Amino acid sequence: MHLLKKIAIVMLLLCGCATACHKREDTIRVVEWPREVEPRLTGATWQRCSGVECGPPGRIAAEVCPELIETHHDALRMLAAQPQCTDRAIEALQGFARRDARALSDIAAAYYLRAKRGGRESELLRALEAALRAVEAMPRDEAARFNLALVQETAGLSGDAIASWDALVAIDRSQWAEEARERLRRLRKPVVSGPWLVQRRKLRAALAAGDRAAVRTLIADFPTPALEELSRTKDPASAKLLDTELSLRLGGEEMRSLHHARGVQSARAHSLNRQSRNFESLSDYNAALEIFVHLRDADMIASTLRARVGIYRAMGQPELAWRESLQALPYAPRVGSTRRRQMVFTEAAETAAILGYARAALLYQDAALRTIQEDAKWISPEDAEEEADLRRFLASARRVRAGIEVRLGWLEDAENDLVEATRLMEKGGSETVALQARMQEVRGQTLLPLNPSGAADAFTSALNAVARDELKSFRASLYAQRAEARRRSGREADAARDLGEALRELREEESRILRDRERGEGENLWSAYFSRFDDTYERLIEQLGSGDGEKAFDYKERSLAYEPLNLILTLDVTPPSFRRLVPRGEPMTLAAIAAELPPGTALLQYAVLKNETHAWIIRRNRATHLAWKLSRAEVERFSELMQRAVRERDANLMHRTSKQVFEALIEKPLAAAGADMGRLVIVPDGAMHGLPFAALYDSKAKEYLIEKAPIELAGSATLYIFSLHRDDAFPPASPSALLIGDPAFDEESDLARGMERLPGALAEVEQIRRAYAPLMPVEVRTGADATFAAMLELARNRTVIHFAGHSMVNEEQPWRSVLLLARSGGDSGAVEAAELVRKLRLDRTRLFVLAACSSAGGLPVGPEGVAPLVRPLIAAGVPAVMGSLWDVEDATAEKLSVSFHRYYGKGSDAAAALQAAQRDMLRNENPGLRSVLAWAPFQVIGHASSPFAPSH
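These numbers were taken from a predicted model, which means no experiment stands behind them.

A. Highlighting the overall build of the chain. Within the chain, the secondary structure is distributed over 40 helices and 18 strands. Counting every position in the chain, which comprises 952 residues, the buried fraction comes to 56%. Nonlocal contacts in the chain, meaning residues at least 24 apart in sequence, comprise 68% of its contacts between residues at least 6 apart. Total accessible area computed for the chain in this model is approximately 40100 Å², and 51% of it derives from carbon and sulfur atoms.

In C-alpha cells, the structure reads:
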C-alpha cells in the first residue's frame, strides 16, 4: 500500500510537470494543426486554400469570446475558428509578440483577416506594415515571408509580391512553397502584349507601312493611348488607317462615347480643388467610369478611379480614398500611359500616408518610381519629348517620396530626393517649397526637447517658405509650434503673439471656406473637412495648460461649434434671442454660456488631448477649469472595453469598466460642480463619444450616474444654449405627434438582406398613440404607408416625432448611414443621412425619437462629434434627439420607449423622462430589463421640455 501511494505521488508530480512544461512550451513551440485560413499561421499545416477561409473550422467555436487567452496557440485557434473574436485574438497576439517574435507574423495575418472579414480595407495597410516588421525581425522565417508576399499581392504591389514569393521559394521546401510558385506563375503572366512605349514604336512603323493587321493587334490592349497617338499623327493616310482600326476596335458609337467620357474627365480636372464642385465632379466621373468599364479601357478606368481617390482625400475621406485605390491598383499593369500608371501608385501612396501608414506609403511610391524608370529604358534617342515628360514625372515622384520620408523622420533621404527632383526640373516649384517647409517643421519638432531656440528658428524657416495666402491651416500649426518653442526659451511675449497669429490664420481659413457655402451640398464632407483644424486647436490648448482656462475654452468651443453653428444660423426658425448671442456667427464665450445656463444645470465640457484631459465645469454665472493627467490613449482604451462588452454581451465587463471611467473622467468634474445639481449636461470629446454616461458607476455612492440627475449630451456648449433657446421659442399650444412604425422596407434589396420586419414596433407605436391620444392629435404611419415622402410632408409641423424601425450606421461612410422606410414609386425607401440633411425640414419639432438600433451610435461625424443619424436632425433645428448607442432587443426598446413617452406626456422634459424610464428598468424584477446592457444605450442629445403641464 505504501508503495502504491509513492507511485501515485510520482505520477501526479509527473502529470503536473508535464502540464506546466506544456504551458511553458506553448510560448515557444505551437503544436501543428490543419490550416483554416488563407494566411499562414504559426504551427498550421498546409492544405489547399482559396479566399479568406479554407473550409469549416477544425472545432465548433463558442459565440462568446473568452476574457483571458492563456497561450499563443489559443489566440491562433480563436483567430481561425471564431471570426467574431478577431479583435480579441489580435490583442492577445500583441502581448505574445513581446516574448515570441513569431507572433509578429501572426499579427500581420490577423490584420489581413480583419480587412477581409470586416470590409475594413485600411487594415491591409496595417497588415503590410506588420508583415514588414515580422520579416525584419525574422528574415528566414517562412510564415513571415509567406504573409508579407500575400499581403503585398492583395494590396496591389505585384512587383514587391513577386520578389517576396521568390524569396520564400528560395528558403522553403514545404508544400507552402508550391503555393508560392503557383502565385508567382499567375503574377508573372503578361496581361498586355508589351510596354506601350515599345508598342507605339511598332505602331508607327506599321502605320507607315500600311500594315492594317499589325495596327489592329498593336492597339488591342491600348485604345486610349492609341487615340492619343491619333491626335499626334500628322500623315493623313496613317491617321485615316488608325482612325479606321480604332473605330473597328471600339465601334462608332463607342468611339464617340470614349471621346465624350475623356472630355468629361478633362473638363472636371480643373474643378477638383474647389470644394463646392466635388460632388458634381464625382457624379461626372461616375458616368465616365461606366463608359470606360463597358469599353474595357484599362487606362481610363485606372485614371478615373485614381482621380476619385484624389477627390475623396481632398474632402477629408481617406478611408474612401483608399477603397478607390484598391480598385484602381489591379488595373496598373494594363495601363499604357506611364503617367497614369505612376499616378495610380502615387495616389495610393499619398492616401496611405494620410491614414498614418508611412512605411506602406513608401512601398507604393517606390513602385511609382520603378514604373517611370522601367519605361525610361524603352525610350529611343529621337523621343526627346517623351524623355522630357519622364524627367518631369520622375521629379514629381521624388517630391512625393520626399514628403513620405519626412513623415518617417528620414530627413537626409528626403533632402536627397528633393535635390534630385530640383536637378531633374531645374527649378523647385511650389511643391518643393511646401516640402522644404515640412522638413523644417520636422527639424523643429526634433530640436524642441533639447534646443528650443533652434526649434524656433526651424519653425521660422518653415513659415518663411510658405506664402501668407497659402496653406493657412499649416501656417497656423507652425505658429502654434513656434509659440511653444519660444515659451520654452523664455520669450513669453513672442509666444503670445504667435498664438494670436495661429488663431488668426485658422479663422481666416474657416471663414473663407464657409463664405459661399450652400445648405444641403456636401454637409457630411464639410464636417470632415473642419475636423482637420482639431490638431492646431489642440496645440493651442496644450500651450495654455491650466494657466488660462477661459481662452483654452474659447479654442475648444470654436473647434467644436463653428461649422455646425454656421449651418444652424441658415435656418429661418433660429430664434432671434439666440442670434443676438452670436451676432457674428462666432461661438459663445465661457462667461456668456455661464450667464445663459438655467439654475441647477451643470455643464461639463471636455477636451481629451494626447497626454492630458481638460474639463470646464459651468454653472449659472460661474465656471471652473480642471486639467489632469489622463491621456487620449487611456480614454480610447475605456471606449474599446465598453464596445467589446456590448459586442460580447458581457454585463460584468461593462460594469467593471463603468467604474473605471467614472473615476477617471467624471468624479473630479462632478465634485467641482457641487451637490445642488438638478441636471447634468455633458459635452464629450474624441473617444468619449459613444460612452454610455447613464451607466457610469460611482462605487463610493454605490449608484449609477443616471440616479444622480437627468443627463443631456451636446455637441458643444454653444449648441446646447441653442437647444435651450429653440425649445423656449415654441408656441405653448397645439402640439401634435407623428409616429412611424415598422416601415415596409424593400426586403429584396442588398442593403436590407437578412433583415426582418418589426412587429414589436407596431405594438410600440400603438401604445404610444394611446398614451398621447388624450393630449394631442397623433398621426400614425406604418407598413407601406411609412414612406420618406410621407415623412417629409407630415414631419415638418409635428411637435413630437417617433421613428420605430431599422437603421444602419455606416462607420466607413457615415453620411451613407440609413433609415429604412417603405418604397414609394422610384424611391427605394433607404434614406441616407446626407439626404436627410438636404431635404428634412422640422419647423415645429421639439423632440425626435430614433427608436432604432444604434441610431445614436456609430462613428461621430464632424467636429461636434454627434452620430451620423443625429446630425441631420440637429442641423434641421430640432432642440433634442433621443437615440440608442447600440442594438437592443425589440421588446426592450418597446418597454423603454413607451415608458419614456408616458413620462414626457405627464410633463417631464426629455432628459427627466428618460431618467425615469431608465430608473424603472433598473428596478425591474426582470433581470434582462435590469441589465445595464438593456437600459444604458439610450441618451438625449440637446434639451426638449414637455409641451404638457406637469401632472401631480
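B. Local environment of the layout of surface pockets. Taken as a whole, the second largest pocket holds about 1200 Å³ of empty space. What lines the second largest pocket is a set of 39 residues, and nearest its centre among them are Ser158, Gly159, Leu187, Ala332 and Pro333. Sorting the residues of the lining of the second largest pocket by element identifies α4 (102–118), α6 (142–154), α7 (158–171), α8 (175–188), α17 (338–354) and α18 (358–376) as the ones contributing at least two each. Tallying contributions element by element places α18 first for the lining of the second largest pocket, with 5 residues. Taken together, the residues of the lining of the second largest pocket sort by class into 21 nonpolar, 7 polar and 11 charged.

C. Expanded view of the sheet that holds strand β13 (residues 807–808). Taken together, 3 strands build an open sheet; the order of strands is β13-β14-β15 and the sheet is antiparallel. Among the strands making up the open sheet, the edge pair consists of β13 and β15 (830–832). As paired elements, strand β14 (residues 818–820) and β15 share 3 bridges and run antiparallel to each other. The partner of Leu819 across the bridge, within β15, is Val831.

D. Quick look at the pairing of strand β5 (residues 622–628). Both strand β4 (residues 613–619) and β5 contribute to a ladder of 7 bridges, which runs antiparallel. Residue pairing across strands places Ile618 opposite Ala623, the latter belonging to β5. Taking the residues that link successive antiparallel strands as the turn, the β4-β5 hairpin has 2 residues, and the phi of Asn621 there is positive, at about 65°.

E. Expanded view of the packing of aromatic side chains. Here the structure, examined in full by the defined rule, presents 9 aromatic pairs. Ring plane angle 80° and centroid distance 5.2 Å describe the contact between Phe146 and Trp165, whose orientation is recorded as edge-to-face. One end of the pair, Phe146, is in helix α6; the other, Trp165, is in helix α7, and 19 residues separate them in sequence. Connected via pairs of aromatic rings, a cluster forms that spans Phe146, Trp165 and Trp176.

F. How the structure looks around empty space enclosed by the protein. Counted under the stated rule, the structure contains 6 cavities of 30 Å³ or more. For the largest cavity, the calculated volume is near 110 Å³. Those elements giving two or more residues to the lining of the largest cavity turn out to be α32 (717–728) and β18 (938–942). With 4 residues, α32 is the single largest residue contributor to the lining of the largest cavity. Of the residues belonging to the lining of the largest cavity, the class tally is 11 nonpolar, 3 polar and no charged.

G. How the structure looks around the nonpolar core. Counting residues in each nonpolar core, the largest one holds 106 residues, and the members touching the most others are Leu705 and Trp935. Looking at this core, the element that brings in the most residues is helix α31 (residues 651–673), giving 9 residues. What Trp935 contacts, discounting residues up to four positions off in sequence, is Ala694, Ala695, Tyr704, Ile706, Leu896, Gln918, Met921, Leu922, Leu929 and Arg930. In this structure, Leu79, Ala110, Ala288 and Tyr357 belong to the second largest nonpolar core, which totals 83 residues.

H. Quick peek at the pattern of salt bridges. For the structure shown, the criterion picks out 62 salt bridges. A salt bridge links Glu123 to Arg114; its shortest N-O distance comes to 2.7 Å. Note that Glu229 and Arg232 form a salt bridge whose closest N and O atoms lie 3.5 Å from each other. Of the two residues, Glu229 and Arg232 both sit in helix α11 (residues 223–232), 3 residues apart, roughly one turn of that helix. Via salt bridges that share partners, Arg35, Glu38, Glu153, Glu179, Arg183 and Arg186 belong to a single interconnected network.

I. Highlighting the environment of Ser559. Within the secondary structure layout, Ser559 lies in helix α27 (residues 549–568). You can call Ser559 buried: its relative accessible area is 8%. The spacing of Ser559 and Ser716 is 157 residues in sequence and 9.3 Å in space, taken between C-alpha atoms.

J. Inspection of the packing of helix α33 (residues 759–772) against helix α37 (residues 890–905) at higher detail. At a closest axis distance of 9 Å, the pairing of α33 and α37 adopts a crossing angle of 10°. When the axis of α33 is compared with that of α37, the two are roughly parallel. Contact residues: α33 offers Gly760, Ala761, Ala763, Glu764, Gln767, Ile768, Ala771 and Tyr772, while α37 offers Asp890, Ala893, Glu894, Ser897, Val898, His901, Arg902, Tyr904 and Gly905.

K. Representation of the pairing of β4 in the model. In terms of residue burial, β4 counts as a mostly covered element, since 7 of its 7 residues are buried. Both faces of β4 are covered, namely the face carrying Thr613, Ala615, Ile617 and Arg619 and the face carrying His614, Trp616 and Ile618. For strand β3 (residues 601–608) and β4, the ladder comprises 6 bridges, and the chain directions are antiparallel. Pairing of Gln605 across the sheet is with Trp616, part of β4.

L. Local environment of unusual backbone geometry. Positive phi values are uncommon outside glycine, yet Asn621 reaches one of about 65°. Here Asn621 shows up in the loop between β4 and β5. Taking relative accessible area as the criterion, Asn621 reaches 57% and is therefore assigned exposed.

M. A look at the confidence of the model for the chain. On average, residues of the chain score 82 in pLDDT, and 84% of them are at 70 or above. Scored below 50 in pLDDT, residues 1–29 shows 10 contacts in the model against residues more than four places distant or in partner chains. Note that residues 854–866 has pLDDT below 50 and, in this model, 60 contacts with residues that lie over four places away or in other chains.

N. Summary view of the side chain of Ser105. Along the chain, Ser105 turns up in helix α4. Overall, Ser105 belongs to the buried group, its relative accessible area being 1%. With residues up to four places along the chain from it excluded, the contact list for Ser105 reads Arg40, Ala134, Met138, Ala143, Ala144 and Asn147.

O. Broad picture of the packing of helix α23 (residues 472–488) against helix α26 (residues 534–544). Two elements in contact, α23 and α26, have axes separated by 9 Å at closest approach and are oriented at 15°. It follows from the interaxial angle that α23 and α26 lie roughly parallel. For α23 against α26, the interelement crossing comes out left-handed. Seen from α23, the contacting residues are Ser473, Ala476, Ser477, Ala480, Gln481, Ala483, Glu484 and Arg487; seen from α26, they are Thr536, Arg539, Leu540 and Gln543. A breakdown of the residues in the contact of α23 with α26 according to their chemical character gives 4 nonpolar, 5 polar and 3 charged.

Each value, and the rule that gives it
- Residues numbered from 1 in each chain as written.
- Predicted model: local features only at pLDDT ≥ 70, side-chain atom pairs only at ≥ 80, totals over all residues.
- Heavy atoms only, no water.
- Helix = DSSP H or I, 4+ residues; strand = E, 2+ residues; numbered from the N terminus.
- Buried < 20%, exposed > 50% of the residue type's maximum accessible area, 1.4 Å probe, protein only.
- Contact = heavy atoms within 4.5 Å.
- Areas by Shrake-Rupley, 256 points an atom, 1.4 Å probe, with all protein chains shown as cover.
- 1 Å grid on protein atoms, 1.4 Å probe; cavity = no way out; pocket = protein on both sides within 12 Å on 5 of 7 lines; lining within 4 Å.
- Points joined across faces, edges and corners; volume = space filled by probe spheres on them.
- Nonpolar A, V, L, I, M, F, W, Y, C, P; charged D, E, K, R; others polar.
- Pairing = 2+ DSSP bridges.
- Phe/Tyr/Trp six-rings, centres within 6.5 Å; stacked < 30°, edge-to-face > 60°.
- Core = buried A, V, L, I, M, F, W, Y, C linked by side-chain atoms within 4.5 Å.
- Salt bridge = Lys/Arg side-chain N within 4 Å of Asp/Glu carboxyl O.
- Axes fitted to C-alpha atoms, helices over the stretch in contact; angles between N-to-C directions.
- Parallel < 35°, antiparallel > 145°, perpendicular 65-115°, else oblique.
- pLDDT = per-residue confidence, 0-100.
- Left-handed = near helix turned anticlockwise from the far one by under 90°.

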